[in-house]
Amino acid sequence: MPSQGGTTIYDISIDEKTVPGLFQEDSKLAELVTGICNQILKAQQAEHVGAQSYERTDTRTGYRNGYQERTITTRVGPLTLLIPRTRDGDFSPELFARMQRSEQALVQAMMEMVVNGVSTRKVTRITEELCGVSFSKSTVSSLCAKWSGVVEAWNNRDLGGRVFPFIQMDGIYIHVREDGRVQSKCCCIAIGTDEHGMRSVLGIRIEEKESVEVWDRFCTWLEERHLHGVDCMTSDAHHGLVEAATRHFPGATWQRCQVHLQRNIRDAAPRAHQKDISRRYRDIVNAPTVEKARILLNETLDHYGKSAASAMNILESGFDDAMAVMAFPPEYRVHIRTSNTIERLNREVRRRERVIGIFPNTDSPLRLLGALLMEHDDMWKTSPQYMNMTEYTRWKEERTAAPVASDPPAHSAPQLVALA
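Because the structure is a prediction, the values reported are computed rather than measured.

## A look at the nonpolar core
Part 1 of the argument: Grouped together as the largest cluster of nonpolar side chains are 32 residues, with contacts concentrated most on Phe-166, Leu-315 and Phe-328.
Part 2 of the argument: Contributions of two or more residues to this core are made by helix 9 (258–268), helix 10 (274–285), helix 11 (290–304), helix 12 (309–322), helix 13 (330–336) and helix 16 (390–401).
Part 3 of the argument: Excluding residues within four positions of it along the chain, Leu-315 makes contact with Ile-265, Tyr-281, Ile-284, Leu-297, Thr-300 and Leu-301.

Here it is, written out as structure tokens:
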């Protein structure tokens, strides 16, 4: 094993019977690579112990202790390598270490493909083309399980180092196999914007369904991780979510998502009036002041009070909650008046969920969807500032310094109130 310029040169021999078969049989290439790798491993062991097999020398530093078979999957097919062992157990072949890194890189690529929306069946076909062997769906799923610890640590991280004035919460349903049957589960997700105007995914939990108890546990979990400083929570009008938020974020504003309210109104309106009612609704929520919005509201109620009574009842009852955003400075209203940000995130979650179809257990969606949310959280950390919080900080300081009066100031945020 001569060395030139710090590089070890191995003397490799090739069986003359193998060479002709390289141009006729694909399996011969794997045989050739296996033979070469085993010779390199043997040479590295000789270099490590300071002697060839059965050689007597004063420079010997160790003794051989047999071999251990290990099959490695490569692009030329599976290679059965004879990994040399030594009595002291401290021999770790460099070649095998490099192959382990390659194997780990393949596993990482497989997991990333699943997270990025590639079905496990497609992953199986891709790896078969790359490596010459097929990985089953269960194998791909078990490899993804290696992310469990990483996702769990991120999902339960402490939030106390940042203040989140604006948060959004929502739930989407997925299918999970449990107790031998397919059940519907709710993914509860929360995101927030911190005092520096940067967005972050606060966490995800898999629950049985949306209810007061479920959202109460979710909010408790966020509080235990020291979420604080919430001034506004935007969501749809789910009773359980709003009631739980009332309990856990006292003094904060609940902003009913204006897009969700518009859909509710449109669905309740006669088809002939849907287009005009939607136009009037947009004029109402985009009004520069609450007073102007209320004038437009009354005009709409008078015009459609009889022909679209159900839609008008929804509009009238949801007006105050949808216009709660008017308590905040104008430059922030566009960001907090809807739950569009978390809805876009939910669409990404749904796209991955459709690939899987039915999750094999409860841990699986938490692992896969949690990894996806981790990626979005990392992306948001390096994205441009979502909100410039300078004006908000000044407005907040003015409100804090303002003397207590019998009448609320013009810009005071309404208290978060649960729906009846």
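Now, onward.
## Topic: the packing of helix 10 against helix 11
Part 1 of the argument: At a minimum axis separation of 9 Å, helix 10 and helix 11 run at an interaxial angle of 160°. On the basis of their axis angle, the class for helix 10 and helix 11 is roughly antiparallel. Two packed elements cross with a definite hand, and for helix 10 against helix 11 that hand is left-handed. Every residue of helix 11 that contacts helix 10 at Asp-276, Ile-277, Arg-280, Asp-283 and Ile-284 is listed here: Ala-293, Leu-296, Leu-297, Glu-299, Thr-300, His-303 and Tyr-304.
Part 2 of the argument: Within the contact of helix 10 with helix 11, the residues separate by chemical class into six nonpolar, two polar and four charged.

## What to know about the sheet that holds strand 6 (residues 181–193)
Part 1 of the argument: The mixed open sheet is built from five strands, whose spatial order is 7-6-5-8-9. Taken across any chain shown, the strands that pair with only one partner, and hence form the sheet edges, are strand 7 (199–207) and strand 9 (253–256). For this sheet, the mean inter-axis angle between neighbouring strands, taken without regard to orientation, is 25°.
Part 2 of the argument: As paired strands, strand 5 (residues 166–178) and strand 6 are joined by 13 bridges and run antiparallel to one another. Residue pairing in the sheet places Met-169 in a bridge with Ala-190 of strand 6.

## Focus: unusual backbone geometry
Part 1 of the argument: One non-glycine residue, Asp-179, lies in positive phi territory at about 55°.
Part 2 of the argument: Mapped onto the elements, Asp-179 comes out in the loop between strand 5 and strand 6.
Part 3 of the argument: According to the relative accessible area criterion, Asp-179 is exposed, its value standing at 71%.
Part 4 of the argument: For His-226, which is not glycine, the phi dihedral falls at a positive 70°.
Part 5 of the argument: When you line up the elements, His-226 lands in the loop between helix 7 (212–224) and strand 8 (232–235).

## Considering the pairing of strand 8
Part 1 of the argument: Taking every second residue as pointing to the same face, both faces of strand 8 are buried, with Cys-232 and Thr-234 on one and Met-233 and Ser-235 on the other.
Part 2 of the argument: With three bridges connecting them, strand 5 and strand 8 associate as parallel partners. The partner of Phe-166 across the bridge, within strand 8, is Cys-232.
Part 3 of the argument: Note: strand 8 against strand 9, four bridges, orientation parallel. What sits directly across from Ser-235, in strand 9, is Arg-256.

## Describing the packing of helix 14 (residues 340–356) against helix 15 (residues 363–381)
Part 1 of the argument: Axis separation between helix 14 and helix 15 bottoms out at 10 Å; the angle between their running directions is 140°. In terms of orientation, helix 14 lies oblique with respect to helix 15. Helix 14 and helix 15 meet at a crossing whose hand is right-handed. The segment helix 14 lies against helix 15, with Thr-341, Leu-345, Glu-348, Val-349, Arg-352 and Ile-356 engaging Leu-368, Leu-369, Leu-372, Leu-373, His-376 and Trp-380.

## Thoughts on the state of the cysteines
Linking two cysteines covalently via their sulfur atoms produces the bond known as a disulfide.
Part 1 of the argument: Per the stated rule, a full pass over the model turns up zero disulfides.
Part 2 of the argument: Just so you know, Cys-219 is unpaired, no disulfide at all, and the nearest cysteine sulfur is the one on Cys-188, 9.2 Å from it.

## Notes on the pattern of salt bridges
Part 1 of the argument: Taken as a whole, this structure holds 19 salt bridges when the rule is applied.
Part 2 of the argument: Glu-178 serves as the salt-bridge partner of Lys-185, at 3.0 Å between the closest nitrogen and oxygen.
Part 3 of the argument: A salt bridge links Lys-185 to Glu-208; the shortest N-O distance between them is 2.5 Å. Placement of Lys-185 in strand 6 and of Glu-208 in the loop between strand 7 and helix 7 is noted, with a sequence separation of 23 residues between them.
Part 4 of the argument: A residue is classified by how much of its surface remains accessible, and Lys-185, at 2% relative accessible area, is buried.
Part 5 of the argument: Through salt bridges with shared partners, one network takes in Arg-157, Asp-377, Asp-378 and Lys-381.

## With respect to the confidence of the model for the protein
Part 1 of the argument: Per-residue confidence for the protein averages 81 on the pLDDT scale, and 73% of its residues sit at or above 70.
Part 2 of the argument: Counting contacts from residues 406–415, a segment whose pLDDT is below 50, to residues more than four positions away or on other chains yields 16 contacts.

## Overview of the packing of aromatic side chains
Part 1 of the argument: All told, the structure shown has eight aromatic pairs when counted by the stated rule.
Part 2 of the argument: Measuring from centroid to centroid gives 4.9 Å for Phe-166 and Tyr-392, while their planes differ by 65°, and the two rings are edge-to-face. Residue Phe-166 is located in strand 5, and its partner Tyr-392 is located in helix 16; the two are separated by 226 residues in the primary sequence.
Part 3 of the argument: With relative accessibility at 3%, the residue Tyr-392 sits in the buried group.
Part 4 of the argument: Considering the side-chain rings of Phe-218 and Trp-221, the 5.6 Å spacing of their centres and the 55° angle between planes classify their relative orientation as tilted. In this pair, Phe-218 and Trp-221 both sit in helix 7, three residues apart, roughly one turn of the helix.
Part 5 of the argument: You can call Trp-221 buried: its relative accessible area is 6%.
Part 6 of the argument: A network of ring pairs unites the aromatic residues Phe-166, Phe-328, Tyr-332, Tyr-392 and Trp-395 as a single cluster.
Part 7 of the argument: One residue, Arg-205, lies across the ring of Trp-221, its end atom 5.2 Å from the ring centre.

Rules used in this analysis
Residues numbered from 1 in each chain as written. Predicted model: local features only at pLDDT ≥ 70, side-chain atom pairs only at ≥ 80, totals over all residues. Heavy atoms only, no water. Core = buried A, V, L, I, M, F, W, Y, C linked by side-chain atoms within 4.5 Å. Buried < 20%, exposed > 50% of the residue type's maximum accessible area, 1.4 Å probe, protein only. Helix = DSSP H or I, 4+ residues; strand = E, 2+ residues; numbered from the N terminus. Contact = heavy atoms within 4.5 Å. Axes fitted to C-alpha atoms, helices over the stretch in contact; angles between N-to-C directions. Parallel < 35°, antiparallel > 145°, perpendicular 65-115°, else oblique. Left-handed = near helix turned anticlockwise from the far one by under 90°. Nonpolar A, V, L, I, M, F, W, Y, C, P; charged D, E, K, R; others polar. Pairing = 2+ DSSP bridges. Disulfide = S-S within 2.5 Å. Salt bridge = Lys/Arg side-chain N within 4 Å of Asp/Glu carboxyl O. pLDDT = per-residue confidence, 0-100. Phe/Tyr/Trp six-rings, centres within 6.5 Å; stacked < 30°, edge-to-face > 60°. Lys NZ or Arg CZ within 6 Å of the ring centre and 35° of its normal.

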